[in-house]
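Now for the letters of each chain:
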Amino acid sequence: MALLQIAEPGQSAKPHQRKLAVGIDLGTTHSLVASVRSGQAETLPNSRGEPLLPSVVRYLVDESPQVGVKAEAHLVDDAANTVMSVKRLMGRGIEDVKRLGSNMPYLFEACDQGMPMIHTVAGLKSPVQVSADILRALVQRGESSLGGELVGAVITVPAYFDDAQRQATKDAAQLAGIQVLRLLNEPTAAAVAYGLEQQESNRGEQQGTIAVFDLGGGTFDISVLRMEQGVFEVLATGGDSALGGDDFDHALAEWMRQQRQIPQKLDLAQQRFLLRLARAAKERLSTEHTATLSFEGWPGGDAYTDLTLSLEQMNALLDPIISRAIRATKRTLRDAKVSLDEVAEVVMVGGSTRSLRVQERVAELFQCQPLTSIDPDRVVALGAARQADVLAGNQSGEELLLLDVLPLSLGLETMGGLVERVIDRNAPIPVARAQEFTTYQDGQTAMAIHVLQGERELVQNCRSLSRFELRGIPPMAAGAAKIRVTFQVDADGLLEVNARELTSGVAATVQVKPSYGLSDQQIADMIKASWSNVEDDRSARSLREQQVEADRLLEAVTMALAEDGERLLMKQEQQQIVAQMEQLVMARNGQDHHAIAKQIETMAKASDAYAAMRMDDSIKRALAGKSVDQL
Amino acid sequence: MDISQDYFTCYSLPRTFEIDLGVLRQSHRVLQQQYHPDRFVGFGEAQERLAVQTTAYLNQAFATLSAPLRRGIYLLQLLGMDPMAPTNTQMPMDFLLQQIELREGIEELSRVPDPEPAITALARELQAQAEQLEVDFSQSFAADNYLSAETAVRKLQFIVKLQQQLDALEGELLD
């Protein structure tokens, strides 16, 4: 806010000098850096005029690492020291990496926090360090193109990135010595690149709903944004992290294999041959109606005759894959409570949106022509550059404001392995929310706080972000302590958790800084699973709840019996209660929550008389030997 | 900006159930433009933190006032009432029976071969009921009849839950 920038006349530091800031698209396969110059956002190319920096780093003995094209050249001959697709490893644990990747040719080793470290000739490298090396190269390019030191950078992240992945990205920037002005969601950046806030809609108003359709090689993201008077607000994000343009190539390759009855078992060279043929066919069919596919040079003894593929045939092969993206799009629109005809503009991002069939299907769905005029590989970096220019303070108007949402729900573990949601997915950030909890046992002096992210109801199905303990709670009866846990998510989407016991003021705070995060696949699976498993979750939840209730009752009765069972009850009464307890234990260990509930009721009835006796007894004892006026 | 003030004061709105959502949205945008952390980049940690807290407060205020159910609950809370207290469980029998019927209706939908028309019809019915309860609340509240306002808002809570359930089901079935 301008009012707070107090500067004495004459002391202000060169008021008209622009501060140098860049936008960085830190991508899986390639990265870009862009900046606003003379009012125009442009990507900054290397000395050969290439804007794309392959996101590949090669480590060498006693030499600084190679980044980009130079490193890419050694992907095969120095595979173990040449790291690619490091974005997939960001914010993940060694376990996730093992699951992910037989196709990653690196030697991994876990460090003490469970972060995967890659063995290279230059020593162990964490994904954060590798990303930092890429960022350093981009910053160098930025500084030499712009001719000065940068005040900071806006770095883009996928909208679905969880807390751990965002934190890892920010850590990488810190390691590279760059001030992060903001972590910005990629779809928001794309919408900003088109300058949609400066256009007027058909109705002559500066507002409208925008869909950002981002189809990359291996992932699909869809975001719904609302734009109103310079404010971009993300309404919902969704997608499918196992859907991308690579699937197109595989579908075409598979069709060719079947057409020529090539045996299913293909070696690597044959697979590559078919995929190359598939890509060539796509290319040809973007301008012509049919493509002839030649098997000349087929690796392996057999010879196959040429194939002809028509545009219609290709579209029929691609359509089922595109339909999956269309379904995810509809689902996200529903999340955003937006109907198809309310969408004013569709922004296309990602190399695979160059496919004309994709553009046709999207146009057909929304009944409007998608925006494709900006190179889909560069659009995200260009938008980030505009935001960097605003945040560095170079724009006087302060019109542009980007408001993002939380990609996945945040919650806490409660009794019985259940997750209590504290902040729902798609809540606008920054956001703060408090929830009160209480102690479970008499005299409990500590409470474990377990922070989780995900859409499912059971702890085991969500991602654990952090665990910490609140200690020093004064001993009180079960349920008397009031523990308030506050979640705060900042504008970068990063979480901080506070816990405080309200009667005593005991407090604990953690900046949630997990050593690893979710895999993209896990996030997609978690979101999907929360839809398909609603029923499962619900009955699992009921079962856990009844089990907790049963345990509580069993514990209370056991303690009471030990205390005064002998004194207050006849032998037969004691045996009856014990028999009921045994039945409850059996039901509790079963899977039927109805049975447990029924048994709890029976048990409670059976012990009612005993409870009344105990209450009378304790009143009598409290009153014993005291006169009325002493009370 | 004082983040301990009540949400109505924050947006300069009268403390009533009937509010102008256009005015709310417009004030929210103006305040966000002013207080969002993006406006405080490079101002130091204390200022940036304050901006996060202020904007979190604004987001909470907007979410509370823009949804009728939450707005109703909040109005009563400002009077020291706790309409959603777990001890507060008494509801008229006929209303509860009707709720059970509606819930069963939703569950049956998953067994219907073409559920879309039935879902649309049910959604419309729930919406009509919600709107009626909002009118009930508004009138009771304006007449200082807080107990009947409380009943209305608690009924509304049931309807909103059913709407969410129906939404989720719609998502599953029409996918």
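Presented here is an overview of the structure given in this document. Position numbers for residues start from 1 in each chain and track the written sequence from start to end. For this description, chains carry letters from A and ligands carry numbers from 1, given in the order in which they are written. Since the coordinates come from a predicted model, pLDDT governs what is reported: local features require at least 70, and pairs of side-chain atoms require 80 or more to be given and counted, while whole-chain, interface and lining totals use all residues.

## Focus on the environment of Ser-241 of chain A
We apply this condition: Strands here mean DSSP runs of E at least two residues long; helices mean DSSP runs of H or I at least four residues long; both are numbered from the N terminus.
Assignment of secondary structure puts Ser-241 of chain A in the loop between β15 (231-240) and α6 (245-259). Here the alpha-carbon distance between Ser-241 of chain A and Phe-295 of chain A, two residues 54 residues apart in the chain, equals 33 Å.

## Some points on the interface of chain B and chain A
We count it as follows: C-beta atoms are placed from the backbone for every residue, and two residues are taken to be in contact when these atoms lie within 7 Å.
Taken together, the contact between chain B and chain A spans 19 residues of the former and 23 residues of the latter. Per-element tally for the side of chain B that touches chain A: the top contributor is helix α3 (residues 45-66) of chain B, with five residues.

## Quick look at the environment of Leu-266 of chain A
Along the polypeptide, Leu-266 of chain A turns up in the loop between α6 and α7 (268-285). Linking Leu-266 of chain A and Gly-300 of chain A, residues 34 residues apart in sequence, is a C-alpha distance of 9.8 Å.

## Description of the sheet that holds strand β24 (residues 463-470) of chain A
Residue and element names in this part refer to chain A. How we decide: DSSP bridges decide pairing: two strands pair if at least two such bridges lie between them. Axis geometry follows a simple rule: fit a line to the C-alpha atoms, using only the stretch in contact for helices, then measure angles between N-to-C directions, giving values from 0 to 180 degrees.
Strand order across the open sheet formed by four strands is β21-β20-β23-β24, with antiparallel pairing between neighbours. Each edge of the sheet is formed by a strand with only one pairing partner; in this case those strands are β21 (418-423) and β24. Neighbour to neighbour, the strand axes of the sheet diverge by 30° on average, direction disregarded.

## Section: the nonpolar core
Across soluble globular proteins, nonpolar side chains have a tendency to be buried as a group. Rules: Here, a nonpolar core means buried Ala, Val, Leu, Ile, Met, Phe, Trp, Tyr and Cys residues linked by C-beta atoms lying within 7 Å of one another. Burial in this document is a count-based property: other C-beta atoms within 10 Å of a residue's C-beta are tallied, and the residue is buried at 20 or more, exposed at 12 or fewer, or partly exposed in between, with C-beta positions derived from the backbone.
Ranked by internal contacts, the top residues of the largest apolar core, which has 158 residues, are Leu-135 and Ala-153 of chain A. Looking at which element gives the most residues to this core, the answer is helix α10 (residues 379-391) of chain A, with nine residues. Not counting the four nearest positions on each side in its chain, Leu-135 of chain A is found in contact with Ile-24, Leu-26, Ala-172, Ala-173, Ala-176 and Ile-178 of chain A. Counting residues in each nonpolar core, the second largest holds 14 residues, with Phe-141, Leu-156, Ile-159 and Leu-162 of chain B among its members.

## Here's the deal with the pairing of β21 of chain A
All names here are of chain A. Where strand β20 (residues 410-414) lies against β21, five bridges are found, and the strand directions are antiparallel. Bridged to Thr-414 within β21 is Leu-418. In sequence, β20 turns back onto β21 through a hairpin of three residues, with Gly-416 there showing a positive phi of about 75°.

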